[in-house]
Amino acid sequence: MARDRYTGSTRVASWRFLTTIKLDPVTVLSSTMFTYTRHLRRLTGRFASRVSASLLHAHSAASALTAASVLALAALAGCTITPPDRPLVITPAAAVNSATLDQYRSAVAQRIIERSPSYVLRGTPQAMLRSLVVVSFTVDRDGRVLQSSVYRTNGDDEAESTALATLRRASPLPQPPGKLLNGRGQLELFEDWLFNDDGKFQLRELASPQAQAIN
């Protein structure tokens, strides 16, 4: 005889043996089938229990996930959503320096006019100017005029002398912003003197529009 590894019962080796021990083969077969059927039911029951437990676990997990989703939505509904900040607009350094230079040129022109009021033209420059004198000059960090010269002219000596004299009279000029200074702590500028026939002038930086018609 051998022990059955599924049911733990003793199984018959052969029908000849059954006949020898005077056992009814039908009876033995029925008993064996009954044992296998009972074992199959036991296995089926265990499998059903495991499947049921798995379904319960999945249902619990789904319920927990649903509850978490509801809580998250409720939390979002109760919060104030802040929109992202707008990106900062960075102005290039060259543009900043250009704007600062224009402001400083206006301040210099205003100082020149204030120091020589009797030479300043009140009104509209002529359509055909007597002279246009372009002066180049350099100032230090304190606004002192270090050097000046006529850069462009039509050859009017009197107008040139007036332009240079009124510039020197205005020195020291307003202190230039440090970011406009070069490595030597200086700043080079240009200004235009616009002369009418009477010898009076306006500076290009502050000049009124010229007349359209020639008198």
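Above this text is the structure in question.
Residues numbered from 1 in each chain as written. Predicted model: local features only at pLDDT ≥ 70, side-chain atom pairs only at ≥ 80, totals over all residues. Heavy atoms only, no water.

A few points about helix α4 (residues 157-170)
The terminal C-alpha atoms of α4, which comprises 14 residues, lie 20 Å apart, in line with the 20 Å expected from a rise of 1.5 Å per residue. Here α4 has its buried residues at Ala159, Glu160, Thr162, Ala163, Leu164, Thr166, Leu167 and Ala170. Of the residues flanking the start of α4, the one acting as N-cap is aspartate 156, its side-chain oxygen 3.3 Å from the backbone nitrogen of glutamate 158. (Helix = DSSP H or I, 4+ residues; strand = E, 2+ residues; numbered from the N terminus. Expected span 1.5 Å × (residues − 1). Buried < 20%, exposed > 50% of the residue type's maximum accessible area, 1.4 Å probe, protein only. Polar contact = N/O pair within 3.5 Å; in protein donor to acceptor, adjacent residues only side chain to side chain.)

Section: the environment of serine 149
Along the chain, the position of serine 149 falls in strand β4 (residues 145-152). You can call serine 149 partly exposed: its relative accessible area is 33%. C-alpha separation for the pair serine 149 and glutamate 160, spaced 11 residues apart in sequence, amounts to 9.3 Å.

Considering the side chain of threonine 100
Tracing the backbone through its elements, the reader meets threonine 100 in helix α3 (residues 93-115). With sequence-adjacent residues up to four places away left out, threonine 100 is seen in contact with Pro177, Lys179 and Leu180. (Contact = heavy atoms within 4.5 Å.)

Things to note about the pairing of β4
Note that strand β3 (residues 131-140) and β4 share six bridges and pair antiparallel. Looking across to β4, one finds that threonine 138 is bridged to glutamine 147. Where β3 folds back on β4, the antiparallel hairpin that results is connected by four residues, among which glycine 143 adopts a positive phi of roughly 90°. (Pairing = 2+ DSSP bridges.)

Focus: the packing of aromatic side chains
Inspection of the entire model under this criterion finds three aromatic pairs. Note on tyrosine 151 and phenylalanine 190: the rings are 5.0 Å apart at their centroids and 75° apart in plane angle, and the pair reads as edge-to-face. Residue tyrosine 151 is found in strand β4, and its partner phenylalanine 190 is found in strand β5 (residues 186-195); the two are separated by 39 residues along the sequence. Looking at phenylalanine 190, the relative accessible area reads 32%, which means it is partly exposed. (Phe/Tyr/Trp six-rings, centres within 6.5 Å; stacked < 30°, edge-to-face > 60°.)

A look at the sheet that holds β4
Reading across from one edge, β4-β3-β5-β6 is the order of the four strands in this open sheet, with antiparallel pairing throughout. Looking along the sheet, the strands with just one partner apiece sit at the ends: β4 and β6 (201-203). Here the average twist between neighbouring strands, direction ignored, is 30°. α4 rests against β3, β4, β5 and β6 of the sheet, and its axis sits at about 30° to β3. (Axes fitted to C-alpha atoms, helices over the stretch in contact; angles between N-to-C directions.)

Some details on the pairing of β3
Of all 10 residues making up β3, nine are buried, and the element is well covered by its neighbours. Here 10 bridges tie β3 to β5, and the two strands are oriented antiparallel to one another. Bridge assignment links serine 131 to a residue of β5, and that residue is phenylalanine 195.

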